[in-house]
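Here is what each chain is made of, one letter per residue.
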Amino acid sequence: MMEIDGLAKAFDGVPALVDVALSVRNDEYLTLLGPSGSGKSTLLRLIAGLEQADAGKIRLDGADLTHAPAHLRGLGFVQQKYALFPTMSVADNIAFGLRHRRLAPVSDAAEVARRVARMIDLVGLAGLEGRQIGQLSGGQKQRVSLARTLVTEPKICLLDEPLGALDANLRERMTVELRRIREALGVTFLHVTGNEAEALAMGDRMVVLDAGRVLQVDSPATVYSAPATVRVARFVNAYNLLSGKSSGGRFRRGAHDLPLPPGVGDAAHYALRYDAVAIDEPAAALDDDRASLPATFIASEFLGSRVVYLFRLPDGAVMEVERHLSRFDPIVLRPDEPRRLSWAICDVLAFDAAGTLISNDRLGRAA
Ligand SMILES: Nc1ncnc2c1ncn2[C@@H]1O[C@H](COP(=O)(O)OP(=O)(O)OP(=O)(O)O)[C@@H](O)[C@H]1O
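On a predicted model such as this, the values are computed, not experimentally measured, just so you know. (Residues numbered from 1 in each chain as written. Predicted model: local features only at pLDDT ≥ 70, side-chain atom pairs only at ≥ 80, totals over all residues.)

Draft legend 1. Geometry of the overall build of the protein. Helix and strand content of the protein: 9 helices and 21 strands. When the backbone C-alpha atoms are referred to their principal axes, the protein occupies close to 80 × 45 × 35 Å. Burial statistics for the protein: of 367 residues in total, 36% are counted as buried. Pairs at least 24 residues apart make up 65% of the contacts formed inside the protein by residues separated by at least 6 positions. (Helix = DSSP H or I, 4+ residues; strand = E, 2+ residues; numbered from the N terminus. Buried ≥ 20, exposed ≤ 12 C-beta atoms within 10 Å, placed from the backbone. Contact = placed C-beta atoms within 7 Å.)

Here it is in structure tokens:
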């Protein structure tokens, strides 16, 4: 188990990480999501020992690693650039890390060969052992890079945007592969990504980082259904976010006023998941437990298993509606066609003026 406490780092007086606290469990897949510049790589580099922290502690299984040299930490680091030896074979690249690691290098040729063969098998490179790196595809290089790190049996494997250089199809396949490889080895993965879909799909838990601070650490399901702050809701890219003021259990936004879930007081932000919004006829009757706003259709996008519809609200804000084709037939609308968008009041997430999620029954359901 790794425990990070009060970790801080600034570059030229500009904070890159501020008071970061995090527990990384044994045998878990932890993803670290944040926008560009949020400090993801800095955090990995501090953990790896490639940068020194200004303050705070990093402990691994109780031992203080904060100032330990990188090569003595027993951690693996798969960087964005593969940094493989181009004229060496796949097998030699993987063996290199094992023969030359500072902690317990392996020199027995038979033992090296056995471990390399197991790793080649595990990452799906069987048959390519003798190939030179220059003769591999991007996805294959990615696997070599991973194998070269994993063969050293790190306590934690740090992965910095490991799928960033791969095309969309390959990225999806490697998502499944990475989970499988991790589970087979039981090693902890700390995987950095700027892609919310990747973070939600990969991790047993995810950490959301913004401007050098940890905003939320939870299971992907909880981050998705109960984002701790408005900014997290923005990063998961699944919510319509409306700003306004509230009083007497109603949320006021311009000329409209919307009911809030019971028990929600002072909400300054009102969030609705794209797939929680229904598209109704303009004069459709509304059940008591639902809220609605008039809107005009802008455009739609067909995404295979789902369709995304964009609508404009009377105040000009754009609202996104997602309909899964397994549940609904696609609907055809003309630009500017009027509709009424409606949703169940219990599906509303409310945030206070500081942007913090206000307790509601959804929080209880997600926990
Ligand atoms: N060596 C450095 N010198 C000066 N500033 C740095 C250095 N490394 C990082 N920073 C700054 O620290 C902040 C965090 O950078 P970091 O690379 O950790 O972000 P990131 O979340 O990994 O971004 P990206 O997704 O774009 O890689 C940024 O403002 C960056 O400009």
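Draft legend 2. Geometry of the pairing of strand 2 (residues 14-24). With 7 bridges joining them, strand 1 (residues 2-11) and strand 2 adopt antiparallel strand pairing. Across the sheet, residue M2 finds its bridge partner in strand 2, namely V24. Hairpin geometry of strand 1 and strand 2 is characterised by an intervening segment of 2 residues between the two adjacent antiparallel strands and by a positive phi of about 50 degrees at D12. (Pairing = 2+ DSSP bridges.)

Draft legend 3. Expanded view of the site of the ligand. Neighbouring the ligand are F11, A16, G34, S36, G37, S38, G39, K40, S41, T42 and G194. Considering every element that reaches the shell around the ligand, the biggest residue donor is helix 1 (residues 40-48), with 3 residues. For the shell around the ligand, the residue count by class is 2 nonpolar, 8 polar and 1 charged. (Near = placed C-beta within 6 Å. Nonpolar A, V, L, I, M, F, W, Y, C, P; charged D, E, K, R; others polar.)

Draft legend 4. Inspection of the packing of helix 2 (residues 90-100) against helix 4 (residues 138-150) at higher detail. Between helix 2 and helix 4, the shortest axis-to-axis distance is 7 Å and the interhelical angle comes to 30 degrees. Note that helix 2 runs across helix 4; the crossing there is right-handed. Touching V90, N93, I94, F96 and G97 of helix 2 are V144, A147, R148 and T149, all from helix 4. When the residues that make up the contact of helix 2 with helix 4 are grouped by side-chain class, the tally is 5 nonpolar, 3 polar and 1 charged. (Axes fitted to C-alpha atoms, helices over the stretch in contact; angles between N-to-C directions. Left-handed = near helix turned anticlockwise from the far one by under 90°.)

Draft legend 5. Structural context of the pairing of strand 8 (residues 188-193). Counting buried positions along strand 8 yields 6 of 6 residues, so the element is predominantly enclosed. Judged by which residues are buried, strand 8 turns out to be covered on both faces: T188, L190 and V192 on one side and F189, H191 and T193 on the other are all buried. Relative to strand 8, strand 3 (residues 29-33) runs parallel, the two being bridged by 5 bridges. In the strand pairing of strand 8, L30 is matched with L190.

Draft legend 6. Structural detail: the sheet that holds strand 17 (residues 290-302). Strand order in the open sheet formed by 5 strands is 16-20-17-18-19, with antiparallel pairing between adjacent strands. The sheet is open, and its two edges are formed by strand 16 (278-280) and strand 19 (318-324), each paired on a single side. Taking the axes of each pair of neighbouring strands and ignoring which way they run, one obtains an average angle of 45 degrees across the sheet.

Draft legend 7. View of the domain arrangement of the protein. Domain annotation of the protein identifies domain 1 (2-225) and domain 2 (239-366). Once you take the C-alpha centre of each, domain 1 and domain 2 turn out to be 39 Å apart. (Domains from an automatic or database assignment.)

Draft legend 8. A look at the confidence of the model for the protein. Mean pLDDT over the protein: 91, with 98% of residues reaching 70 or higher. Model confidence for the complex: the whole-complex pTM is 0.88, and ipTM, which rates the interface, is 0.96. (pLDDT = per-residue confidence, 0-100.)

Draft legend 9. Examining the sheet that holds strand 15 (residues 269-273) more closely. If you walk across this open sheet you meet the 3 strands as 11-15-21, and the pairing is antiparallel. Across the chains shown, the open sheet's two edge strands, defined by having one partner strand only, are strand 11 (239-243) and strand 21 (349-351). Neighbour-to-neighbour, the strand axes of this sheet turn through a mean angle of 25 degrees, independent of strand direction. Bridge count for strand 15 against strand 21 is 3 bridges, and the pairing is antiparallel. For Y270, the partnering residue across the bridge sits in strand 21 and is A350.

Draft legend 10. Broad picture of the environment of R173. Here R173 lies in helix 5 (residues 168-185). Sequence-wise, R173 and G355 are 182 residues apart; in three dimensions their C-alpha atoms are separated by 36 Å.

Draft legend 11. Representation of helix 4 in the model. For helix 4, with 13 residues, the first-to-last C-alpha span of 18 Å sits near the 18 Å given by 1.5 Å per residue. Those residues of helix 4 that fall on the buried side of the exposure criterion are Q142, R143, V144, S145, L146, A147, R148, T149 and L150. Buried residues belonging to helix 4 abut strand 6 (75-78), helix 2, helix 3 (109-122), strand 7 (156-160) and helix 5. (Expected span 1.5 Å × (residues − 1).)

Draft legend 12. Looking closely at helix 5. The terminal C-alpha atoms of helix 5, which comprises 18 residues, lie 26 Å apart, in line with the 26 Å expected from a rise of 1.5 Å per residue. Taken as a whole, helix 5 has its buried residues at M174, L178, I181 and R182. In the segment just after helix 5, G186 is the residue with positive phi, at about 70 degrees.

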